[in-house]
Amino acid sequence: MKKIIYYLSFVAVILFMGCEDDLDTENLYGKSLESFYKTPSDIEEAMAGVYNAIYTVNPHSNEAIAAGLMSDMMLGGGGPDDKSAKWVDNFEDPLEDTYRDMWVQSYNGISRANGIIENTESADFSTFFASTEAAEDFKDQAIGEAYFMRAFYYFRLVKFFGGVPLIVTVDGDRTVPRSSITEVYAQIATDLKTAIERMPATPFPSIPTSQYGHANKWVAEAYLGRAFLYYTGYMTNIEGQATNSLPLVDGGSLSASDVAGYLEDCVNNSGYALASDFRNLWPYSYANQAAGQTVLKYADDEDLEWVGQDGANPTFGTGNMESMFVQRFSFGDWGWNNGNIYTNRYALFTSIRGNSLIPFGQGWGWCTVNPKLYSSWDDDDPRKFGSIIRVNNEDDATLGYTPDQGDHETGLFNKKYTSIQFPVPGGSEVKGMFVQLYGWGNADFQLMHAQDFIFMRFADVLLMHSEITQTPDGMNAVRLRAGLDPVDGGYSLEKLKEERLHEFAFEGLRWFDIVRWGDVNSAFDGTIQVNNSGVDAMYKANYRPETKGLVPIPETEVRLSSGVYEQNPGWN
């Protein structure tokens, strides 16, 4: 099973836009805008650069880590030296550029996508394909994919920072002021709509494994639903400007009915489907069978079977039909520049601190789980024990856990994204799951996390459709997969909120949900019992409503703009 990583293989034709003093336009590889974008290989290289911008060096610019720390489900954690995790969890800005990598990398991705959008339309690929139709499909996929990725990066920016500068051409003015939130969402919606119209309607099982993780028409439809819900919710519940439509650049808009139609197309025609068991989406279900042993015990089912992370790959049963858009990870080495950037550091940073167990290995212990989530979650929902690690618990194979290793210790950790390890078959040496699967030589626990991060899965399409149409069908399909009864009394927003909480715990969505619903102002009421390096304590996060659920604009960007950018409220 080959891991795909989006290495940046060319630099020269891209304007690396990060509001730096001087843009580096030196031609390092003998390529230029005039000579590039002429062959399918050129496009694939350019697209690799677009996807490469998803990766960030600073862990606080990792979307899942940042959103997890700010959510009401997770606490800061880490050791006494991990002050930044606690500051972010407490809605303090630990450094003036805490989130700058996210800002810079997003604009790098936008600039690279602009290059593809502007230069691919006129390219003639007919000599590289067996038919004109195949050549046009390739072009449409490339252009549509670039539009999607531009929307993806602007969506990442607007969720965290609010209104940001809109730069939609290669030679666009890089000193423009921040656009409004509405203007940014109009660009996002327009780009997603264009992506949907351009990309071929190829059902998922027919999409090559080599393209797994890339965007397609169905992913763009799903993200249109997510953008609609976040924009309408944020404007209504945070900005106090009630709306039920998503604006477009041309002055038009998409209604709830319009967006529901896109989601229905995805449900009916995409080929994506729910995994048979929620727990089989996560690598611990593979560790359950590895090395000929059952290490996780559940009252109802010991026979878990991982679906893998390469699409319809028969290596793991029917393969993963649920994960729609993912960030692919691989391994690293300390001799490389940014040697650990391509390993899943969300899994590393949130793994159990100071303990190397089987199957749950060690990490830095950030984002410990709020015990209020655990206590309020019905034990009959298999997603509870399928999402949360309990330490010193026989069923979770965590007996022998040594306590008092970190701060904000609650005895509960994220089970979806965590270090997985077990003995090498036929021996006693313990190595990471993905190191064994993919034959990587460096087994350092900091470099072994090749688990995909799932940005969008099919369950979200079903729940978004329920929320937009205010009908229970999507909710009930997700509940049925979990072995739960249909929602009693039909759809309600409160039931939808609970379903999203339990289905998507620790997947980087909760923070944005409580913000768009307007629940963020009351989400941090009350105190939490924790243990800080062996000392019992009480903790309460200090959310400040004046920030409106946004993080600060990086101070370096504010300075480089020479006063064009104003800092977000509450962060001055």
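Residues numbered from 1 in each chain as written. Predicted model: local features only at pLDDT ≥ 70, side-chain atom pairs only at ≥ 80, totals over all residues. Heavy atoms only, no water.

Time to look at the overall build of the protein chain. When you go through the protein chain residue by residue, the secondary structure sums to 18 helices and 12 strands. Relative to the globule expectation of 25 Å for 572 residues, the C-alpha radius of gyration of the protein chain, 23 Å, shows essentially globular dimensions. Principal-axis analysis of the C-alpha atoms places the extent of the protein chain at approximately 60 × 55 × 55 Å. Out of the 572 residues belonging to the protein chain, those deemed buried represent 61%. In the protein chain, the proportion of contacts linking residues at least 24 apart, taken out of those at least 6 apart, comes to 71%. Of the roughly 20800 Å² of accessible surface on the protein chain, a fraction of 48% belongs to carbon and sulfur atoms. For the protein chain, the distance from the average site of its 42 positive side-chain charges to the average site of its 78 negative ones is 2 Å. (Helix = DSSP H or I, 4+ residues; strand = E, 2+ residues; numbered from the N terminus. Rg over C-alpha atoms; globule rule 2.2 N^0.38 Å. Buried < 20%, exposed > 50% of the residue type's maximum accessible area, 1.4 Å probe, protein only. Contact = heavy atoms within 4.5 Å. Areas by Shrake-Rupley, 256 points an atom, 1.4 Å probe, with all protein chains shown as cover. Lys, Arg positive; Asp, Glu negative; His and termini not counted. Charge placed at Lys NZ, Arg CZ, Asp CG, Glu CD.)

With that settled, consider the confidence of the model for the protein chain. Here the protein chain averages 89 in pLDDT, while 90% of its residues score no lower than 70. Note on residues 1-29: pLDDT is under 50 here. Beyond four places in sequence and across chains, it has 84 contacts. (pLDDT = per-residue confidence, 0-100.)

So, on to the nonpolar core. Formed by 172 residues in total, the largest nonpolar core has its most connected members in Phe148, Phe325 and Trp511. Per-element tally for this core: the top contributor is helix H5 (residues 132-161), with 17 residues. (Core = buried A, V, L, I, M, F, W, Y, C linked by side-chain atoms within 4.5 Å.)

This paragraph deals with the pattern of salt bridges. For the coordinates displayed, the defined rule picks out 34 salt bridges. Residue Arg198 is joined to Glu121 by a salt bridge in which the shortest nitrogen-to-oxygen separation is 3.0 Å. Pair noted here: Arg198 is in helix H6 (residues 181-198) and Glu121 is in the loop between helix H4 (100-120) and H5, with a separation of 77 residues, a long-range link. Classification of Glu121 by relative accessible area gives partly exposed; the value is 41%. When salt bridges with common partners are traced through the structure, they connect Glu322, Asp381, Arg383, Lys416, Arg457, Arg479, Arg481, Glu499, Glu503 and Glu507 into a single cluster. (Salt bridge = Lys/Arg side-chain N within 4 Å of Asp/Glu carboxyl O.)

Our next topic: the environment of Pro205. Secondary-structure assignment places Pro205 in the loop between H6 and helix H7 (217-237). Since its relative accessible area comes to 47%, Pro205 is described here as partly exposed. For the pair Pro205 and Pro403, spaced 198 residues apart in sequence, the C-alpha to C-alpha distance is 46 Å. Excluding residues within four positions of it along the chain, Pro205 makes contact with Ser270, Gly271 and Met321.

Its 18 residues give H6 an end-to-end C-alpha distance of 26 Å, which sits within 8% of 26 Å, the value for a rise of 1.5 Å per residue. Regarding H6, the residues found buried are Ile181, Val184, Tyr185, Ala186, Gln187, Ile188, Ala189, Asp191, Leu192, Ala195 and Ile196. The inward-facing, buried residues of H6 abut H5, H7, strand E1 (245-247) and helix H8 (256-269). (Expected span 1.5 Å × (residues − 1).)

With that out of the way, let us pick up empty space enclosed by the protein. For the structure shown, the criterion picks out nine cavities of 30 Å³ or more. The wall of the largest cavity is formed by 17 residues, among which Ile54, Thr56, Asn62, Gln327 and Phe329 lie closest to the centre. Elements supplying a minimum of two residues to the lining of the largest cavity: helix H2 (63-70), helix H10 (345-350) and strand E10 (453-457). Here the residues of the lining of the largest cavity sort into eight nonpolar, six polar and three charged. (1 Å grid on protein atoms, 1.4 Å probe; cavity = no way out; pocket = protein on both sides within 12 Å on 5 of 7 lines; lining within 4 Å. Points joined across faces, edges and corners; volume = space filled by probe spheres on them. Nonpolar A, V, L, I, M, F, W, Y, C, P; charged D, E, K, R; others polar.)

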